[in-house]
Amino acid sequence: MTFQKKCFLSHPNAPKIFQIMVQNNTGKDQSHNKRHYCAYCQRSDFTNFAKHLIDMHSGPHGADEVNAFMSYPKKSKERDNRIAEIRIRGNHMINMATLQAEQGMFVAMRRPSPQADWKVSDYSPCPFCKVWVLRTLLTKHQKNCVVRNNKETTDKLPCINEHKLGLEADLVAGRIGLEPSDALKTNLFTTIQNDYVGIVAKKTL
Ligand SMILES: [Zn+2]
Ligand SMILES: [Zn+2]
């Protein structure tokens, strides 16, 4: 038996943000989201994301990335990771829209257990793939990050330490505002060297 349950936050600033959770008694892994948001058509009313991409967004008028992942063997890690990159990007779009509207669906890498309390501020986006993970797991996630593990791009990405990772995640999440205080600006620019993170920070500021 499977049923969906919406978890409404009690957080006073975001009372209508929810994750869709699935409880079942099949013994299958319950930690992965089943609902996703498509970056190309902004829909989420499908259950098989890869099939949706192939059906709706492949072919000569489709998306290059979709045609690209279809060239990898089925069930290969490369193919799964390329699909995950697209899926994560769509989910990041819905998450940012939800945060801005302070209501709507929020998709994290792992759902909380149905009984657990959670709040959006528990989560941060990975600056590389943009998947939202528990802040406390952001550093650990880098090892499994689909963008960092993409053979075509991984050499170009810098290694960044835990402090910078958290800082850049906050920039991606919009938690560091467009008009930060002078103290924050000074702090940022003395902290951030002229590297990838620095470029992102300066652009955002
Ligand atoms: Zn779509
Ligand atoms: Zn990542």
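Since the structure is predicted, the reported quantities are computational estimates derived from the model, not experimental observations.

## Let's talk about the overall build of the protein
- Along its length, the protein carries 7 helices and 5 strands.
- Sequence-ordered secondary structure for the protein, helices as α and strands as β, is β-β-α-α-α-β-β-β-α-α-α-α.
- Taken over 205 residues, the protein has a buried fraction of 27%.
- At a minimum sequence separation of 6, the contacts of the protein that also span at least 24 residues come to 48%.

## What about the nonpolar core?
- Within the largest apolar cluster, 31 residues are counted, with the highest numbers of intra-cluster contacts made by Cys126, Cys129, Val131, Val133, Cys145 and Ala169.
- Contributions of two or more residues to this core are made by α1 (49-57), α2 (64-70), α3 (77-101), β5 (132-134) and α5 (162-172).
- When residues in this core are grouped by element, the largest group, 4 residues, is from α3.
- Those residues in contact with cysteine 129 that sit more than four places away from it in its chain are Glu85, Ile88, Cys145, Val146 and Val147.

## A look at unusual backbone geometry
- Phi angles above zero are rare outside glycine, and lysine 75 is one such case at about 70°.
- Tracing the sequence through the fold places lysine 75 in the loop between α2 and α3.
- Look at lysine 75 and you get exposed, because 7 C-beta atoms sit within 10 Å.

## Remarks on α1
- Residues Phe49, His52 and Leu53 constitute the buried set of α1. Buried residues in α1, looked at end-on, bunch into an arc of 100°, giving them a common side. Residues of α1 that are exposed and angled more than 90 degrees away from the buried face: Lys51 and Asp55.
- Buried residues along α1 sit in contact with α2 and α3.
- Looking at the residues trailing α1, positive phi occurs at glycine 59, about 95°.

## Topic: the confidence of the model for the protein
- Per-residue confidence for the protein gives a mean pLDDT of 77, with 69% of residues at or over 70.
- Under a pLDDT of 50 for its full length, residues 1-5 has, in the predicted model, 11 contacts with residues more than four places off or in other chains.
- Confidence drops under pLDDT 50 across residues 189-205; counting only partners more than four residues distant or on other chains, this segment forms 18 contacts.

## Observations regarding α3
- For α3, spanning 25 residues, the distance from its first C-alpha to its last is 35 Å, which sits close to the expected 36 Å at 1.5 Å a residue.
- Taken as a whole, α3 has its buried residues at Arg82, Ile83, Glu85, Ile86, Arg87, Ile88, Gly90, Asn91, His92, Ile94, Asn95 and Thr98.
- Trailing α3 by a residue or two, glutamate 102 shows a phi angle of about 60°, which is positive.

## Examining the environment of alanine 63
- Within the fold, alanine 63 resides in the loop between α1 and α2.
- Separated by 10 residues in sequence, alanine 63 and leucine 53 place their C-alpha atoms 8.9 Å apart.
- Every residue in contact with alanine 63, bar those within four places of it in the chain, is listed here: Tyr40 and His57.

## A word on the packing of α1 against α3
- Here α1 crosses α3 at 90°, and the two axes come no closer than 10 Å. In terms of orientation, α1 lies roughly perpendicular with respect to α3. In this structure, α1 uses Phe49, Ala50 and Leu53 to contact α3, whose residues at the interface are Ile83, Ile86 and Arg87.
- Looking at the contact of α1 with α3 residue by residue, the classes come out as 5 nonpolar, no polar and 1 charged.

Rules behind the numbers
- Each chain has its residues counted from 1, following the order in which its sequence is written.
- Written order determines the labels here, with chains lettered from A and ligands numbered from 1.
- The predicted nature of this model means local features are confined to residues of pLDDT at least 70 and side-chain atom pairs, given and counted, to a pLDDT of 80 or more, with totals for whole chains, interfaces and linings taken over all residues.
- A run of H or I in DSSP counts as a helix once it spans at least four residues, and a run of E counts as a strand once it spans at least two, with each numbered from the N terminus.
- Each residue is classified by how many other C-beta atoms fall within 10 Å of its C-beta atom, where C-beta atoms are placed from the backbone; a count of 20 or more means buried, 12 or fewer means exposed, and values in between mean partly exposed.
- The contact rule is simple: place each C-beta atom from the backbone, and if two of them lie within 7 Å, those residues are in contact.
- Here, a nonpolar core means buried Ala, Val, Leu, Ile, Met, Phe, Trp, Tyr and Cys residues linked by C-beta atoms lying within 7 Å of one another.
- This arc is taken over the directions from the axis of the helix to the C-beta atoms.
- Every residue carries a pLDDT, the predictor's confidence in it, which falls somewhere between 0 and 100.
- The span you would expect from a helix comes to 1.5 Å times its residue count less one.
- Here an axis means a line fitted to C-alpha atoms, over the contact stretch when the element is a helix, while the angle between two N-to-C directions is reported on a 0 to 180 degree scale.
- Oblique is the label for any angle not under 35 degrees, not over 145, and not in the 65 to 115 range, which are roughly parallel, roughly antiparallel and roughly perpendicular in turn.
- Residues are grouped as follows: Ala, Val, Leu, Ile, Met, Phe, Trp, Tyr, Cys and Pro are nonpolar; Asp, Glu, Lys and Arg are charged; all remaining types, including Gly, are polar.

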